[in-house]
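# Working through the structure, step by step
Chain by chain, the residues run as shown.
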Amino acid sequence: MWATLLLLAALAALALGLVAHRLLAPAGNPFSQPPLERPRPLVTDQRARDRVLKRGFSAQRVPPELDAVVIGSGMGGLAAAGTLAKVGKRVLVLEQHDQAGGCCHTFQERGCEFDVGLHYVGQMHEGSMLRVALDQLTEGQLCWHRLPDPYDEVTLGPRCYRLRAGKTAFVTTLEEQFPNEKEAIREFMRISKVASRHVALLALLKLVPRWAAELLLRTGLLYWISPVFRLAATNHSEAVARLTADRDLRALLAYLFYGTAPQDSSFLVNVLMVHHYQRGAWYPRGGASEIAFHTVPLIERAGGAVLVRAPVTRILVSPAGAAVGVTVQKGPGEEEVQIFAPLVISDAGVFNTFGKLLPAPLRSHPGIRSRLAMVRPGMGSFLVFVGLRGSAAELALPATNFWIYPHNDLDAMMTRYAALSRDDVPENLAMMFITFPAAKDPTYEQRHPGRSCMTILTMARYEWFEEWSGTRAKHRGPDYQRYKLAIAQGLLERALQRFPHLRDKVEFMEAASPLTNQHYLAAPHGEMYGTEHDLGRFNPAVVAALRAETPVKNLYLTGQDVFCCGVAGALHGGLICASAILGRLIYLDLLLLKKKIKRRRGRQAA
């Protein structure tokens, strides 16, 4: 027994030494200094914004001597490209849509502006790790507006609960609404604190050499290092059932819905999502497109470019099996343009990357097939964009986000909803999320006077729309339009029941189905959150396998599929990708910068 323990200790010491050598490499630090310039006035001239966000692809605009090419300009792609640009790498980002940003882009319709994916972000308080990272990528030009309390309102059938920001206020508000569940709430918050402190170990597991990760998994040492790995592999419904018998509280601890029923989801993920907003919720001044608008110049100054209307059709692979570039084909019948680079980074998701873009022989590679077998596509989404006559102030629109559920059994709700036949969906809509971007952005009235908007979201199975999957956007036929409109009108009616004073203020309505996401976001099954966030995906063995490095040499993944869903999850996917490429633990660089900023503020305050 002692010999075995000594052997394991020796192996662990060797692994740690090798890992430290790799992750603390002397490569350039991308995050050495805080931004030098204060935020400039908001750019509202649309032509000026289009010159940054809508620069179209042509072979002549491809920079020479590229260091890397990135497929997709979502948060993960921009984060990886921006980080590499900060150490002088020349990076080309290729976006198939007509503007950069992925789920962080916005669109305008009849005088209104809508966000499509960024509804609000947590942990953006001054000095937070997430804030420091985004300030680095946008050079300090992004301004964040904190939403007033309550930032979220959750309806469970006839009962309504509100959430307020702040370490103490968050807990106090919960305890006031659940006076008999104080012990359960405090235990959940204790677990939340542990999870938030240890979650970086999930990123580290994706960065250590595969053999070291496999050693930790096979020996069981991983579970001795931190409880976070057991939390990741724990069923959420079972975990909260051990905490409390109150069904409303159980539902409230899983209200941030991303398409996976609590019984199928990881307790860790739901704990971290609640914790993410514990300090409050923020929205970017000027809307979600501000992220790309201020990251693109950073990439360009290093000699790179972000080009749109540039659909990547293939990843080029050398005879030795290494990624060497990509091909772009702007349209059917047009000539393919080959672009060569020593590194290829994909923000297109694992299914597009491994299942479509790689050459057919490589798709059958055992390492590729095993990774695809570990995950499945997430559930699609259905959004309704509602234009309103009148400003947010005139219509008394709240900045609060509204999560509305028919009852408190989210597992039963999701099971029944997912099993619906296509024709039964419009009359049996389940959860819905309502938000008012015009009320969250203090510049909205300045940019869109006399107008405001409402966005409604629910989850939707791709299979309900699959019949029309081979049709062109905006030309899918009257049956598709009728079906989409029936769902949209059902959601709008429910929203107007909640906000009846808006009934005569609705000017227009647009809807986006999973096929819309498939077209504009290149999401294979219309999913907004990448691969399914089920319990299997967060099994530590799968966490270790779904990393930035791939079985194809010089091909890397970034974005949501590398870490987790949402803006923060995709950003971390980009940071993990950049760490793997640079051979440097850039999270340590961020931590040191965070401390430097804190010391500087302390001196200024004194």
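Residues numbered from 1 in each chain as written. Predicted model: local features only at pLDDT ≥ 70, side-chain atom pairs only at ≥ 80, totals over all residues. Heavy atoms only, no water.

Here we come to the overall build of the chain. The helix and strand inventory of the chain stands at 25 helices and 20 strands. Against the compact-globule benchmark of 25 Å for 606 residues, the chain has a radius of gyration of 24 Å, which places it among compact chains. Seen through its principal axes, the chain has C-alpha atoms that stretch 70 × 60 × 60 Å. By residue count, 57% of the 606 residues in the chain fall in the buried class. Put simply, 76% of the contacts in the chain that link residues at least 6 apart link residues at least 24 apart. In the form shown here, the chain has an accessible surface area of approximately 24,900 Å², with 54% of it arising from carbon and sulfur atoms. Side-chain charges of the chain comprise 70 positive and 54 negative groups, with the mean position of each set lying 7 Å from the other. (Helix = DSSP H or I, 4+ residues; strand = E, 2+ residues; numbered from the N terminus. Rg over C-alpha atoms; globule rule 2.2 N^0.38 Å. Buried < 20%, exposed > 50% of the residue type's maximum accessible area, 1.4 Å probe, protein only. Contact = heavy atoms within 4.5 Å. Areas by Shrake-Rupley, 256 points an atom, 1.4 Å probe, with all protein chains shown as cover. Lys, Arg positive; Asp, Glu negative; His and termini not counted. Charge placed at Lys NZ, Arg CZ, Asp CG, Glu CD.)

Applying the stated criterion to the full structure yields 19 aromatic pairs. For the pair Tyr417 and Trp464, a centre-to-centre distance of 5.2 Å together with 80° between the ring planes defines the contact as edge-to-face. Taken together, the positions of Tyr417 in helix α18 (residues 410-418) and Trp464 in the loop between β18 (451-460) and α21 (478-498) put the pair 47 residues apart, joining distant regions of the chain. Note on Tyr417: relative accessible area 4%, which makes it buried. An aromatic cluster is present here, built from Tyr120, Tyr151, Tyr255, Tyr277, Trp403 and Phe433 joined pairwise through their rings. We note Arg422 situated over the ring of Tyr483; from NZ or CZ to the ring centre the distance is 5.8 Å. Directly above the aromatic system of Tyr480 lies the positively charged group of Arg476, at a separation of 5.7 Å from the ring centroid. (Phe/Tyr/Trp six-rings, centres within 6.5 Å; stacked < 30°, edge-to-face > 60°. Lys NZ or Arg CZ within 6 Å of the ring centre and 35° of its normal.)

The subject of this paragraph is a positive patch on the surface. Taken together, the side chains of Arg146, Lys167, Lys193, Arg197, Arg279, Lys594, Lys595, Lys598, Arg599, Arg600 and Arg603 make up a positively charged region of the molecular surface. The biggest single contributor to the positive patch is helix α25 (residues 586-605), with six residues. On the secondary structure map, Arg599 appears in helix α25. (Patch = residues over 30% accessible without salt bridge, like charges linked within 9 Å, V, L, I, M, F, W, Y side chains within 5 Å. Salt bridge = Lys/Arg side-chain N within 4 Å of Asp/Glu carboxyl O.)

All right, on to unusual backbone geometry then. Asp149 connects to Pro150 through a cis peptide bond whose omega is -10°. Relative to the elements of secondary structure, Pro150 occurs in the loop between β6 (144-146) and β7 (152-156). With a phi angle near 50°, Arg110 is a residue other than glycine that sits in the positive phi range. The residue Arg110 is located in the loop between β3 (106-109) and β4 (112-115) in this model.

Looking now at helix α2 (residues 46-53). Along α2, the residues that are buried comprise Ala48, Arg49, Val52 and Leu53. Summarising the axial view, the buried residues of α2 lie within an arc of 120°, below the 170-degree limit, and thus occupy one face. Exposed residues pointing more than 90 degrees away from the buried face of α2 are listed as Arg47 and Arg51. Packing partners of the buried residues in α2 comprise α14 (290-301). A distance of 3.3 Å separates the backbone nitrogen of Arg47 from a side-chain oxygen at the start of α2, and that oxygen is part of Asp45. (Arc of directions from axis to C-beta. Polar contact = N/O pair within 3.5 Å; in protein donor to acceptor, adjacent residues only side chain to side chain.)

So, about the pattern of salt bridges. Scanning all chains against the criterion turns up 28 salt bridges. Among the salt bridges present, the one from Glu109 reaches Arg110, with a minimum N-O distance of 3.8 Å. Among the ionic pairs, Arg186 bridges to Glu175, the shortest N-O distance being 2.7 Å. Taken together, the residues Arg186 in helix α6 (residues 182-198) and Glu175 in helix α5 (residues 167-177) connect sequence positions 11 residues apart. For Glu175, a relative accessible area of 10% puts it in the buried group. A cluster of three or more residues bridged by salt bridges with shared partners is formed by Glu126, Arg131, Asp135 and Arg601.

Let's shift gears to the pairing of strand β8 (residues 159-163). Summarising the sheet, β7 and β8 pair through five bridges and their orientation is antiparallel. Each residue of the ladder has a partner; that of Asp152, found in β8, is Leu163. Where β7 hands over to β8, the hairpin turn is made up of two residues, of which Gly157 adopts a positive phi near 65°. (Pairing = 2+ DSSP bridges.)

Attention shifts here to helix α15 (residues 350-357). It helps to recall that an α-helix has 3.6 residues per turn; residues three or four apart then point in one direction. In terms of burial, α15 is largely enclosed, as six of its eight residues are buried. Every buried residue of α15 is accounted for by Val350, Phe351, Asn352, Thr353, Phe354 and Leu357. On its buried face, α15 sits against β1 (68-71), β11 (312-317), β14 (344-346), α16 (360-363), α17 (366-374) and β20 (555-557).

When pLDDT is averaged across the chain, the result is 93; 95% of the residues are at 70 or more. Within the model, pLDDT remains below 50 along residues 1-15, and this stretch shows four contacts once partners closer than five positions in the same chain are excluded. (pLDDT = per-residue confidence, 0-100.)

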